[in-house]
Amino acid sequence: MTWRAVLLGLFGAVEIAILQIVTKIYPQTVVLHYQSVLTLFAGSLFLLFTLCVVNALLRRWRPAWRFTPQELALIYGISTVAASIAGQDEAQFLWPMMAYPFRAAQNDSMGAFRHYIPTWLVPHDPKIIEPYYSGNGSFWEPERLRAWAIPLGCWLTWLFALGATMWAWNVILRRRWVEHDKLAFPCVQLPLELCRNGGFGGLAGGKLFWVGFFLSALLESLSVIHNRFPNVPAVVLDWQATELLEGLPSPWKALAPMYLTWSTVHLGISYLIPLDILFSGWFFFIARKLLEVFGYAQGWRELGWDAKGFPYTRAQSAGSWTVLFFLLIWAERKHLAQVMDAAFSWGKKSHTDDANEPGSYAVAGRTLVLGTLFLYWWSVQSGMSPLIAAAFYGFFWVLNVTMTRVYALVGPSFLELYYLDPQKMLTTLFGTLYQEPGSLVAFSQMYWINRDHRGQLMGHQLEAFKIAQAVGLPLRKMGIWVLIAFAVGAITCLVAYLHWAYKVGEDQFASGGWREAGSGTAIGRIREWTYQPKGPDWLEISFMGVGGVFTWILAKLSYHAAGFPLHPIGYALAVCFAMEYNWPAFLMVWLLKGLFLRYGGLALYQRFIPAALGLTLGGIVVPVFWSFVSWIFGWYT
């Protein structure tokens with residue numbers, strides 16, 4: 001590890017965090033278009049790809065200057081952890097959620113509730129808030145800096161505590177998941193191979209790799225050029241089938257909405273996903289859609305995205321993911337007990353070996369407990385009732401720990417949990433009849449951190465540890481830099497977002513901002529919960545039980561019955577929104593991979609892994625290259 005690697009990693013972290021924001025503001029004219037919704041962030045992978053190209057040049061001209069595998073791993077680890085917290089579904093949603101209730105347009109909707117939101121979370125002054133939406137100003141004016149200083153400091157403290165607590169979970173669980181269970185980490189294989197070989201080599205090199213890369217580059221390039229010059233033909237890589245399905249006769253129009261995608265990134269990463277999960281994912285998704293058709297035919301269901309009624313997908317999802325979490329914790333119960341014993345048995349020597357971990361188990365155990373208690377205390381101080389705060393963070397860790405396991409085992413190109421937000425699930429369980437308005441306001445306003453979960457905050461920390469171990473970078477050093485990277489990403493995102501909001505005006509953002517953050521949804525929930533309070537929804541609670549029991553049965557069968565084709569994680573993905581954009585690729589790759597394994601065995605499957613990695617690389621870096629070309633020539637201005 002050298003200081004050039006540290007400096008490049010920190011520079012990349014800041015640059016990527018900023019450009020992820022600007023990509024949402026000017027999606028077609030930003031110098032480098034960095035998406036932050038896929039499990040592989042474009043900015044981090046493009047930076048790694050660029051360094052690999054530099055290494056290829058240095059190999060011939062200045063071999064001593066080449067970046068080592070350890071340096072590449074550190075640079076990538078710092079940049080991807082920072083990019084995760086600065087992603088569009090994470091810290092980018094914080095200010096849009098908190099500022100929205102105080103804009104003049106929300107006087108009627110939120111006038112009666114504003115006083116429940118503390119001034120240390122967001123400024124209340126219209127002179128500060130209105131320019132945030134109109135733009136043509138500067139965040140750096142002294143009055144605005146003073147107004148935002150306390151909210152900025154308070155939220156950064158909360159984010160630092162969140163990042164440290166996630167780090168603690170990963171330190172505790174890493175050895176079991178990485179070394180004992182040997183999880184596949186499908187979406188990590190590409191950056192891992194690039195780092196391990198110090199550039200293009202091994203599985204990330206050779207004829208098949210470059211065939212996959214240039215095929216992907218061709219398809220992505222034709223798509224970009226076709227958008228600019230429609231006469232140039234392009235291969236369709238996705239299709240919005242919703243309009244067609246909505247025109248079908250009843251009850252089949254209940255199949256809508258449906259989005260089909262088979263992009264090179266989806267196909268490349270899916271090739272590395274275990275076969276039983278590929279099958280289970282698309283199978284349970286189709287089964288779910290057919291149940292939705294049946295529910296609509298019986299008059300038990302509405303139409304549209306997130307429609308209410310049978311088969312109560314959100315409820316099934318909550319039950320399924322909760323059972324998965326408890327199965328994971330049960331498997332780790334002895335190890336967790338040892339960690340807590342090491343953390344809180346003062347003066348007693350620990351017998352757990354943690355010398356090669358990103359942090360000591362004692363520190364991780366204390367951080368986990370104290371960090372969670374701090375987050376809980378924070379939310380109570382912001383207005384949540386003690387019961388709601390405890391339930392909120394309980395379900396929050398259920399989702400994030402389980403999601404990190406899924407990220408490591410499955411890691412599809414697109415992992416979204418839209419159907420799993422604590423606000424919906426906990427009000428279903430407990431109702432809102434006896435909750436104070438201030439508690440409901442604070443609870444609803446936290447929707448920004450769990451709307452979609454696409455940032456995979458814990459997953460990218462674990463990814464950094466996985467790659468560091470593969471290249472021989474000491475995990476203790478990577479553990480420290482992961483914490484620093486998380487802090488750098490959080491600071492950059494919150495400050496840069498305020499800069500661009502006052503400069504451009506959030507109302508003028510091309511995408512993102514309050515429209516995508518769910519700000520209107522949060523306000524609507526506050527009003528509904530307060531003015532139309534309800535008790536527990538026992539019907540949906542029963543379907544939570546259905547989802548949980550079914551997941552437990554699948555887990556037992558997949559563990560004890562050799563060759564059982566259905567995996568509980570496939571079901572969990574199908575009912576949480578994660579399969580909406582993945583199922584066509586899962587189906588196509590399941591067919592291809594099944595044929596390879598059946599007629600060519602493991603050797604044939606492994607032979608084409610480089611092609612899958614090439615497809616993935618081309619699908620991510622080539623669109624970034626074309627955004628630079630478009631910026632130079634002003635194609636989209």
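This text goes with the structure placed above it.
Residues numbered from 1 in each chain as written. Predicted model: local features only at pLDDT ≥ 70, side-chain atom pairs only at ≥ 80, totals over all residues. Heavy atoms only, no water.

## Let's talk about helix α27 (residues 609–633)
Now for step 1: Across its 25 residues, α27 extends 36 Å between first and last C-alpha, which sits within 8% of the 36 Å expected from 1.5 Å per residue.
Now for step 2: In terms of burial, α27 is largely enclosed, as 19 of its 25 residues are buried.
Now for step 3: Of the residues one or two after α27, Gly 634 is the one with positive phi, at around 65°. (Helix = DSSP H or I, 4+ residues; strand = E, 2+ residues; numbered from the N terminus. Expected span 1.5 Å × (residues − 1). Buried < 20%, exposed > 50% of the residue type's maximum accessible area, 1.4 Å probe, protein only.)

## Observations concerning a nonpolar patch on the surface
Now for step 1: Together, Val 549, Trp 552, Ile 553 and Leu 557 line one region of the surface with nonpolar side chains, adding up to about 360 Å² of accessible area.
Now for step 2: Along the polypeptide, Ile 553 turns up in helix α23 (residues 538–560). (Patch = residues over 30% accessible without salt bridge, like charges linked within 9 Å, V, L, I, M, F, W, Y side chains within 5 Å. Areas by Shrake-Rupley, 256 points an atom, 1.4 Å probe, with all protein chains shown as cover. Salt bridge = Lys/Arg side-chain N within 4 Å of Asp/Glu carboxyl O.)

## Remarks on the environment of Ile 18
Now for step 1: Mapped onto the fold, Ile 18 is located in helix α1 (residues 3–25).
Now for step 2: For the pair Ile 18 and Trp 95, spaced 77 residues apart in sequence, the C-alpha to C-alpha distance is 15 Å.
Now for step 3: With residues near it in sequence (within four places) discarded, Ile 18 still touches Thr 492, Ala 496 and Trp 500. (Contact = heavy atoms within 4.5 Å.)

## Quick word on the side chain of His 453
Now for step 1: Position of His 453 relative to the elements: it lies in the loop between α18 (437–445) and α19 (457–471).
Now for step 2: For His 453, a relative accessible area of 2% translates into the label buried.
Now for step 3: A polar side-chain atom of His 453 sits 3.2 Å from the main-chain carbonyl oxygen of Leu 420.
Now for step 4: If sequence neighbours within four positions are ignored, His 453 has contacts with Glu 90, Leu 399, Met 403, Leu 415, Leu 417 and Leu 420. (Polar contact = N/O pair within 3.5 Å; in protein donor to acceptor, adjacent residues only side chain to side chain.)

## Considerations on the nonpolar core
Now for step 1: Core analysis: the largest hydrophobic core is formed by 213 residues, its most contacted members being Trp 155 and Trp 158.
Now for step 2: When residues of this core are assigned to their parent elements, the largest contribution, 18 residues, is made by helix α7 (residues 142–180).
Now for step 3: Excluding residues that lie within four positions of it along the chain, Trp 155 makes contacts with Leu 94, Trp 95, Met 98, Leu 121, Trp 378, Met 446, Trp 448 and Leu 494. (Core = buried A, V, L, I, M, F, W, Y, C linked by side-chain atoms within 4.5 Å.)

## What about unusual backbone geometry?
Now for step 1: A cis amide bond links Ser 250 to the next residue, Pro 251, at an omega of 5°.
Now for step 2: Note on placement: Pro 251 falls in the loop between α10 (242–246) and β2 (259–261).
Now for step 3: You will see that Gln 456, though not glycine, has its phi angle at about 50°, which is positive.
Now for step 4: With respect to the helices and strands, the residue Gln 456 is situated in the loop between α18 and α19.
Now for step 5: A relative accessible area of 2% means that Gln 456 is categorised as buried.

## Details of the packing of α7 against helix α15 (residues 361–382)
Now for step 1: Where α7 contacts α15, the axes come no closer than 8 Å and their chain directions differ by 145°. Both α7 and α15 take part in a crossing whose hand is left-handed. (Axes fitted to C-alpha atoms, helices over the stretch in contact; angles between N-to-C directions. Left-handed = near helix turned anticlockwise from the far one by under 90°.)

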